[in-house]
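Analysis of the macromolecular model
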Amino acid sequence: MPEPLIVLESIRLEYRTGSGAVIALKDIDLTIETGEMVAIIGASGSGKSTLMNIIGCLKRPTAGRYLVSGKETGQLDANQLAALRSGHFGFIFQSYHLLAGLTALANVEIPAVYAGRGAGERHDGAASLLASLGMGERAHHKPGQLSGGQQQRVSIARALMNDAEVILADEPTGALDSRSGKDVLNILNDLHARGRTIVIVTHDETVAARAQRIIRLSDGVIVSDTRNDRKTTLPRAAMPVRESATPKRHGGWRWKDRLRESLIMAVLSMTVHRLRTALTMLGIAIGIASVVSMVALGAGSREEVLSEISRLGTSTLRIHPGKGYHDRQAWKIKTLTFADITALAELPYVSAATPSIREDVTIYRHSEKYEFSVRGIGPAYFVVEGIRLVDGRLFDDEDMRDSDSDVIIDTNMRNTLFGHDATDVIGTVMMGKEYLYRIVGIVEADTKDSEGRMYLPYTSIRKRIVGSDFSYVHTIIVKLADTAPSDWAEQAISRFLAARHGSEDFFIVNSDTIRKAYMRSTDTFNILIAAIAVISLVVGGIGVMNVMLVAVSERVGEIGVRMAVGARRGDILRQFLIEAILVCMIGGFLGTGVAFAFGAGFQSLSTQFHLVYSWASVIVAVLCSCGIGLLFGYIPARNASRLDPVEALLRE
Ligand code: ADP
Ligand code: MG
C-alpha cells in the first residue's frame, strides 16, 4: 500500500494579530491521494487559502502533523521546505503573481532556475509548455501586454515547469471572465486526466463541480467531504503536457545560472528606478572619486619630493646647529662658522663644503619691485646640490675673495624679470635697495613654483645683506669624496666638528634621514586620507543601505512569488546582495573615471601639482565599493530573505 500523497492530522492554525489570535483552521484532518482532483469550497474567510498555503508548505501549522508522501514536514527547516515546495507543488494564484519585468518565457523558467536545471533545458521546457497552452506566440511578451486569461496560462505553465505532482490553484478563475475561466478549468481537468493531483480553492459551486471530490469548509472546519460521481466529460483541449511523471531532482547547484538570474533581476530593478539608482551610485562615485584623487595627489607630491631628495645623493650631508629640526633653541647657537667650512673642506674624505645662507632681496626693474629669495653659497654649492648651469658661468674661488657684485640667478628669476625667451641676460645689471648686482650665470631652478632665486658668494651676502659681523652659518653642505664610505665619513665629520666645538651642538642629516623624516610626515597624510575615505564611503554605504531597504519593501510581492516557486532564503539573499554590490561597483567605476578626468583637467590647468594614479588605488577603490555593497546591502538582503512567503504574497 503506497503512502497517501498528502496527510493532514489535527491541523490548527492561528494568526496572531494585534487584538488577539484569529483561529483560521481548527482540527483539520484530510488525506489526499495521488491523482485526485479536489475542490475546496467555502465562503470568503472560511480558511481556504490558509489550508492551501499549509498544503503547499508556504505556511507552517500552529499545531498538528503534516506529511507529504509520508514525510513529516514539521522538522524541516526553511530551505528543506523550499526544496519540498519546488519538487512537489506548483502554485496558481487568483492574481497570477507574475513578475512584471520578465517576459512570459522568463517567468515560466524561474522555478527551473531554483531547481538548478541548465539554461538550454529550461528554455526549451518553458517554450514547449507555453506552446502547449496556446501561448507560443506570446512567449516574449511581458505580463502587462497579456490579457488576464493569458497571464493565468503563463502562471499555469510556471506551475508545471518543475513537473510538479500537485497543482495548487487558489481561486484560479476568480479574476477571469467566464470564457477564459472555462479555458483555465479545462486545462486543469486535462492535467488531472494526465495523472496530476489538483487541489483547487474556490467559492464558486460551478467551479467546484469540475472536481471529483468536494470539501466544504466553514469557519476553519471541514463540514463535508463528498465524492462527485458524475463523470465529467473532458473537453479534449489538445494538451501535450510534458509527460515525465517523476519530477527530476537536481542535486547540482548551478551557481552560474542562479548568479545570472540574480544579475538579470538586479539590472531589471536598477533600470526600473533609474533616478534612484543613479543617485545612489553618485554617492558612491563621489566617495571613490575623492579618495582616488586624494591618493593620486598624495602620491604625486611624494614622488616629486622624493626625486628632489634623491638628487642630493647619499654622498651629500647637511650640518645644522642644534639637536634636530625640532630644536627651538638652535637659533642661539653660533658655533657653526665659516672657519668650520674651511676646515671641513680640507679633510681628505670631503670633496667640497659650502655654506648656504638664506635671505630675501628686493630688485627693482622698470620701476617695478620684485622680491626674491637669495642664497649665500660657496663655489662648490652647485656641484654639491647637483644644479645644472644653463648660461654664463658658475662662481670660482676668486669670486669668494672679491665679494663683488656678481650673482647667478635661476631660470625662474630670469623668467620673472626678463621673460622665457630672453637671450642676452648675462651681463645685465640689476638694481637692488642699496647695491647693484651683475648677472654672470643662469642655473636651472630646482622647483617649478617659485618666483625665482638669486645666488651670491657667501662673502658678498655677508657684506651686502646680512652684515659682515655675521660669522656663523645655519647650514653647511658637505659633499663627500667618492672613495669615502658615507656612514663612516659621516661619523668622522661628526667627531671632527664635536672636537672643534667642544660639544656636539650640531646635527647632521643625509638624504636618507631626510627621506625618512619625509616619509614619517606622509604617513600622517595617509592616515588623513584613509579617514576621509572611510567617512565618505560610509556615507555612500548608508545611501546604498537606505535604497536597498526601500527596494526590498517595494518588492515584497516578488520575493513571495520567488519563494512560492522554490527560491530558498539564500537565493533571495544573493539576489539583493548582488544588486547592492552591482550598484556600488558601477559607482566605483564611475568614481574612478571621474577621478581620472579630474586629474587630466587639473594637470592641464596647473603645473604646480602633479598627480600620480596607480592601478592599485583603482583596484582597491573598486574592491572597497564592492565591499560596501556587501556590508551595507547585507541587512536589507537578510530582511528580504527572512520574509514569510505568504505574508509577502499578500502584501503585493
Ligand atoms: P479564505 O481564503 O477562505 O477567504 P483565508 O484563509 O484567507 O480565507 O482566511 C481565514 C481567516 O484567517 C479569515 O478570518 C482571515 O481574516 C484570517 N486571516 C487570514 N490571513 C491572516 C493574516 N495574515 N493575519 C490575520 N488573520 C488572517
Ligand atoms: Mg482566499
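We now turn to the structure provided with this report. (Residues numbered from 1 in each chain as written. Chains lettered and ligands numbered in written order. Predicted model: local features only at pLDDT ≥ 70, side-chain atom pairs only at ≥ 80, totals over all residues. Heavy atoms only, no water.)

1. Some thoughts on the sheet that holds strand 3 (residues 37-42)
Taken together, the six strands give an open sheet; going across it, the order is 6-7-8-3-9-10, and neighbouring strands pair in mixed fashion. Strands at the two margins of the open sheet, each flanked by one partner only, are strand 6 (89-93) and strand 10 (221-227). In this sheet, adjacent strand axes meet at a mean angle of 15° when their direction is disregarded. Sheet strands in contact with helix 2 (residues 78-88) are strand 6 and strand 7 (166-170), and its direction is about 80° off that of strand 6. (Pairing = 2+ DSSP bridges. Helix = DSSP H or I, 4+ residues; strand = E, 2+ residues; numbered from the N terminus. Axes fitted to C-alpha atoms, helices over the stretch in contact; angles between N-to-C directions. Contact = heavy atoms within 4.5 Å.)

2. Quick look at the nonpolar core
Counting residues in each nonpolar core, the largest one holds 68 residues, and the members touching the most others are Ile6, Leu8, Leu51, Tyr66 and Phe89. Ranked by residues supplied to this core, first place goes to helix 18 (residues 569-605) with six residues. Discounting residues that sit within four places of it in the chain, Tyr66 has contacts with Ile6, Val7, Leu8, Ile11, Ile54, Ile55, Cys57, Lys71, Glu72, Thr73 and Phe89. In terms of nonpolar packing, the next biggest core, distinct from the first, is built from 56 residues, Met430, Ile461, Val473 and Ala498 among them. (Core = buried A, V, L, I, M, F, W, Y, C linked by side-chain atoms within 4.5 Å. Buried < 20%, exposed > 50% of the residue type's maximum accessible area, 1.4 Å probe, protein only.)

3. A word on the site of ligand 1
Neighbouring ligand 1 are Tyr15, Thr17, Ala24, Ala43, Ser44, Gly45, Ser46, Gly47, Lys48, Ser49, Thr50 and Glu647. Between ligand 1 and Gly45 there is a distance of 2.7 Å, counted from an oxygen atom to a backbone nitrogen or oxygen. In the environment of ligand 1, an oxygen atom lies 2.7 Å from a nitrogen or oxygen atom belonging to the side chain of Ser49. Here ligand 1, which alone exposes 560 Å², has 68% of that area covered by the protein. If one sorts the elements of the shell around ligand 1 by residue count, helix 1 (residues 48-55) sits on top with three residues. When grouped by side-chain class, the residues that make up the shell around ligand 1 number three nonpolar, seven polar and two charged. (Near = heavy atom within 4 Å. Polar contact = N/O pair within 3.5 Å; in protein donor to acceptor, adjacent residues only side chain to side chain. Areas by Shrake-Rupley, 256 points an atom, 1.4 Å probe, with all protein chains shown as cover. Nonpolar A, V, L, I, M, F, W, Y, C, P; charged D, E, K, R; others polar.)

4. Considerations on the pattern of salt bridges
Any two side chains of opposite charge can pair, on the condition that their charged atoms come close. The final tally for this structure, using the stated rule, is 23 salt bridges. Arg122 serves as the salt-bridge partner of Glu109, at 3.0 Å between the closest nitrogen and oxygen. Here Glu109 is found in helix 3 (residues 104-115), whereas its partner Arg122 is found in helix 4 (residues 119-132), with 13 residues between them in sequence. In this structure, Glu109 and Arg122 share a single accessibility class: buried. Here Arg213 and Asp225 are joined by a salt bridge, their closest N and O atoms 2.8 Å apart. Taken together, the residues span a long stretch of sequence, with Arg213 in strand 9 (residues 213-218) and Asp225 in strand 10 at a distance of 12 residues. For Arg213, a relative accessible area of 5% translates into the label buried. Using a relative accessible area of 40% as the deciding quantity, one classes Asp225 as partly exposed. In this structure, a network of salt bridges that share partners links the residues Glu36, Arg213, Asp225 and Arg227. (Salt bridge = Lys/Arg side-chain N within 4 Å of Asp/Glu carboxyl O.)

5. Considering the side chain of Arg414
Tracing the backbone through its elements, the reader meets Arg414 in helix 13 (residues 411-418). In this structure, Arg414 is buried with no salt-bridge partner, the nearest side chain bearing the opposite charge being Asp391 at 6.4 Å. If sequence neighbours within four positions are ignored, Arg414 has contacts with Ile409, Gly419, His420, Ala422, Val425 and Ile442. (Lys, Arg positive; Asp, Glu negative; His and termini not counted.)

Any link to function would need more than the numbers given here.
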